[in-house]
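Descriptive analysis of the structure
If you want the building blocks of each chain, they are given just below.
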Amino acid sequence: MVELTIFALGILLIDLMVPRGWKWINAVGAFVGVLFSALCTWQIQSTLPPRGSLGFYNSLLVDRFAIYFWYLFLAGAAISILMSVHYLDVEDEHHGEYYALLLLSVVGMMCMAAGIDIVLLFIGLELMAISTYVLVGFLRRDRRSNEAALKYLLLGAFSSGIFAYGLSLFYGISGSTNLAIIGRAISAQNPHNPVVVIALLTTMVGLLFKIAAVPFHQWAPDAYEGAPTSITGFMSVAVKAAAWALLLRILVFGLLPLRSVYTPLIVFVSIATMTGANFAALTQTNTKRLLAYSSIAHVGYMLLAFVAMGTSPIGSPGFLDGFKGILIYLLVYTFMNLGAFAVITSLRQRNVIGDELDDMAGLYQRAPVEAALMLLFLLSLAGIPPAAGFLGKYYIFLSLIESGHYGLASLGVLYSLFGLYYYLKIANSMLMRAPMETERLPVSLGMRCAVGVTALATIVIGVYPEPFIRTVNWSLGIAQPPHVAAMLK
Amino acid sequence: MQSHILSIILFTPLVGAFVLLFVPKENKDAIRWIANIFALGGFLISLPLVPMFWAQRFDVTPTHFKFLEGSANNWIPSIGAGYNLGIDGISFLLIMLTTLLGWISILSSWTAIEIRVKEYYVWFLVLQTGMLGVFMALDFFLFFVFWEAMLVPMYLLIGIWGGPRKLYAAIKFFLYTLLGSVLMLLGILFLYFHHHTVTGVYTFSIPELYKTAPLIPFHYAIWLFVAFFIGFAIKVPMFPFHTWLPDAHVEAPTAGSVILAGVLLKMGTYGFVRFSLPFFPAVVSHPKVQSWMIGISLVGIIYGALVSLMQKDMKKLVAYSSVSHLGFCTLGIFALNSMGLSGSVLQQINHGISTGALFLIVGILYERRHTREIVEYGGISNVMPIYATITMIMFLSSMGLPLLNGFVGEFTILQGAFTANWRWAAWAAPGVVLAAAYLLWLYQRVFFGTVTNPKNEKLHDLTPREILTFVPLIIMALWIGVYPKPFFQILEQPVNQIVQTIHNNANANVPVNAQVRPAPAPQAPVAVAAKASN
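As a starting point, this report considers the structure included with it.

1. Re the interface of chain B and chain A
How large an interface is tends to be reported as the accessible area lost when its parts come together. Counting from both sides, the interface comprises 37 residues of chain B and, opposite them, 38 residues of chain A. Roughly 3,400 Å² is buried in total at the junction of chain B and chain A, and carbon and sulfur atoms are behind 76% of that figure. Here chain B is connected to chain A by zero salt bridges. Here chain B and chain A share seven residue pairs in polar contact (both at pLDDT 80 or more) between them. Those elements giving two or more residues to the side of chain B that touches chain A turn out to be α5 (117-136), α6 (140-149), α7 (151-161) and α8 (166-199) of chain B. A per-element tally of the side of chain B that touches chain A places α8 of chain B first, with 16 residues. Residue composition of the side of chain B that touches chain A, grouped by class: 30 nonpolar, three polar and four charged.

2. Re unusual backbone geometry
The residue after Val-214 of chain A, namely Pro-215 of chain A, is reached through a cis peptide bond having omega 5 degrees. Looking at the secondary structure, you find Pro-215 of chain A in the loop between α8 (194-211) and α9 (219-226). A cis amide bond links Val-236 of chain B to the next residue, Pro-237 of chain B, at an omega of -10 degrees. Structurally, Pro-237 of chain B can be placed in the loop between α10 (218-235) and α11 (244-251). Unusually for a residue other than glycine, Ala-212 of chain A sits at a positive phi of about 60 degrees. With respect to the helices and strands, the residue Ala-212 of chain A is situated in the loop between α8 and α9. Within the chain, His-370 of chain B stands out as a residue other than glycine whose phi angle is a positive 60 degrees. Examined against the element boundaries, His-370 of chain B turns out to sit in the loop between α16 (338-369) and α17 (380-383).

3. So, the nonpolar core
Among the nonpolar cores identified, the biggest contains 386 residues, and Phe-69, Phe-73, Trp-244, Leu-248 and Phe-306 of chain A together with Phe-140 of chain B are the most heavily contacted of them. At 19 residues, helix α13 (residues 317-347) of chain A tops the list of elements feeding residues into this core. Non-local contacts of Phe-306 of chain A, meaning those with residues more than four positions away in its chain, are made with Trp-244, Leu-247, Leu-248, Leu-251, Val-252, Tyr-262, Ile-266 and Ile-326 of chain A.

4. Remarks on the environment of Phe-279 of chain B
All names here are of chain B. Examined against the element boundaries, Phe-279 turns out to sit in helix α12 (residues 254-279). When the C-alpha atoms of Phe-279 and Ile-502 are compared, they prove to be 9.2 Å apart, with 223 residues separating the residues in sequence. Excluding its chain neighbours within four sequence positions, the residues that come into contact with Phe-279 are Phe-140, Leu-191, Ile-206, Leu-209, Tyr-210, Ala-213 and Pro-214.

5. Remarks on helix α7 (residues 179-188) of chain A
Residue and element names in this part refer to chain A. The set of residues buried in α7 consists of Leu-179, Ala-180, Ile-182, Gly-183 and Ile-186. Buried residues along α7 cover an arc of 160 degrees about the axis, so they all sit on one side. The residue sitting at the N-terminus of α7 and contributing the capping side-chain oxygen is Asn-178; that oxygen lies 2.9 Å from the backbone nitrogen of Ala-180.

6. As for helix α22 (residues 485-505) of chain B
Owing to its 3.6 residues per turn, the α-helix brings residues three or four apart onto one side. The terminal C-alpha atoms of α22 of chain B, which comprises 21 residues, lie 30 Å apart, in line with the 30 Å expected from a rise of 1.5 Å per residue. Largest kink in α22 of chain B: about 45 degrees, centred on Glu-492 of chain B, with the proline Pro-494 of chain B one to four residues after it.

Criteria and cut-off values
- Residues numbered from 1 in each chain as written.
- Chains lettered and ligands numbered in written order.
- Predicted model: local features only at pLDDT ≥ 70, side-chain atom pairs only at ≥ 80, totals over all residues.
- Heavy atoms only, no water.
- Contact = heavy atoms within 4.5 Å.
- Buried area = accessible area lost by both parts, 1.4 Å probe.
- Salt bridge = Lys/Arg side-chain N within 4 Å of Asp/Glu carboxyl O.
- Polar contact = N/O pair within 3.5 Å; in protein donor to acceptor, adjacent residues only side chain to side chain.
- Helix = DSSP H or I, 4+ residues; strand = E, 2+ residues; numbered from the N terminus.
- Nonpolar A, V, L, I, M, F, W, Y, C, P; charged D, E, K, R; others polar.
- Core = buried A, V, L, I, M, F, W, Y, C linked by side-chain atoms within 4.5 Å.
- Buried < 20%, exposed > 50% of the residue type's maximum accessible area, 1.4 Å probe, protein only.
- Arc of directions from axis to C-beta.
- Expected span 1.5 Å × (residues − 1).
- Bend = angle between axes of the 7 residues up to and from the residue.

Below is the structure:
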């Protein structure tokens, strides 16, 4: 974490020194930073006590859960950097700040995944969010980008305010900023105490805004469409994963005693999210916007797993598989969604924006390999085995069956048909329509790496998921709050 | 020592697809040769299975499956899924049908496919592996992976090489079948979880699930049956779920139609035989459920035949005739006796042979004239005598003339239905008559008389390659028609097994008693009994 900050600041300094044609140095620096950070994470992991260790005056809990998410953020960031090099060239916006901001937002995410102190969590959230606001508006000469950034900033700041209000109420209830202590204080309270409920509701508004669940999703399609495509990819996986980490930390680690209160709300939100997003996605003609709605729909599926988790006894199969479902879903989603965005990014050429559905037409003739891999990503997003997406879906539906939510499970599978329909719309125009332009699409090396790595991961996780399931099983131990509370003394 | 013959059969087409990836796409003839070699190779490799299986046809194995490969737990131990293959008589026949039809359809596309040749063969070979996997898998997870993965190549075959409305047909096909399979997925997960609550073990192994699934209380089992039923009924397709079929068939390229009718539809009936019957014996033998199933089968038979009579497009006619023929297959299955079941499986094979041939026949005319409208033709037997003869044989086989295969299958099914309830047989019998009507009328309009359309005067007769595609089908049609005994012998054991399961659990509106099951689960019989009695 610290090392990433150093790299980010370093890039800012180096950027001043390198001449215009050499800006790719920044990307290399950022990439090396991410790798170095992964190495350090690995080092921490190998010396980690099974229940995690506390740091930074007990505000940080590095446990397996946090390590898992750290790897996820770093993978997302690394692939996004690979995608960015060529894209920024085309946009002629090659500035070092881009990579610095990217790295800083990863630092924020890491705080969100590991923090157990609401102040640190909030700082992490804001660090990530502010970096992303700037990144969304990074194309200064593009009006869509500016509009998206402004919208995102205003709504994001507003939701952060509500979120902070909720957290402050929790502080008022418990007299501590530490989640473990808050959790203990709340379990002594009546869960239907109005102050507790208001605190919970406001906190949840903030969290649901960050994961872009209906009805707090309005910012997502605009921000996704306007942002530079490489950042859209990054936002849809890493930022989303961080928001999920935050949500799990607060709701499962801290506020578990309140789950009888928040689970019914999540049921409602998940149904609304799946319904709203899937219906909206059906009519989109812009691929970025379509994928934005699809990513909201995926949040709806993940919330289903959260419902299963929230309604089954702790440690029962439904609880564990729901938890695994969310973690695995985020993992496979990282690769398949980034892969899809990487292909869309490669369509951006000089003078061609390339994010309309029509721009995909006949992609097969122009770039056969990219088209074939895009098909793989789309099928994976639709949850067709043997692509990785199926594994995520498998766990979610399994956990629903285990917790007895047959109705929700049926609703979920019906909506997956909607998903298939709009993914096939992209596939159809890509494979079965005649191309508008005939020349072959030039694809840069970095892009090839990005598409190749994500495709490989999508296939490997799908065909041989065993090691990944084990990793998730390993990381499942969110350290139990009572235990952490004991460590605090 | 495990035999690996199933894996070899399963992956030969996939290896072919992989090899094709490295052939430059301009080199069309090389691609065709390689694809044909692998398709023929896939068929030849499956031939040794015949004597091997024949030798073991009456052997009793603990799970009733033979040529077992892999174990229940060797693929994804964390969730209890394994790469576990095995076959019994039913899947054996369907596998042989698949390898044969796979080869024939690849051979038949030599001149039919001119654009994007490489991809075509790659996807076709992938499809072949997917279909074989469905019939071989003894693990539900593996089965589901094959079941869904196979949709993708079929969707592309229709969508890229199809007719004018290909996009619509391709998406419709994919969405319909996916709707069925996701509901089935929920059913599978329920069985999986139920197995865990009864025995404490997570496993997708089908032979293991056979032991616990009949214990599911009736009010759950009925919903599970419905989930599986929708999945399979869409695939078959049974009457109200059949609307995707004519679209898919009409738009698909010839070889795609052959495989679609010959093999893909059989997955639905296979699913009924392999899963619905032994998993939910109490539900299927419930009189109300059974009469509903029989009812929609009968409606399918009559409705499919009547709609066939009215068609102007030859391919659509054959497509609707499939609905009618598959109605016979489901009728045989839900008669729930060994006669009906073995007749049904045999009829599935017959339908693969006859209807596969019918689609080839239509495809040959289409390739020459690029139209399938019946009114465009007439007097074809004057210009294409060999073609007319072969067509006659296959038409007769399809309508169930004695000494050809269709007769044996339909007769056995009707016999089975008659034993169960004579009214069912009485209602199904007109289907046979109607089949003769629409096929003979079609034949008369297309082949008899004088050549009325000048465009048809110069049609050339079948090439040796085209004749070759029909030879194995005619041989099989004659063999099954004249001497079907070996086929019934192969089917005897698995069919009796299923009928036995149903009889043991019949009348089980009352809770199923653990003692009547042949092999109680080793773990915690007390828990089993307790679960069963609530």
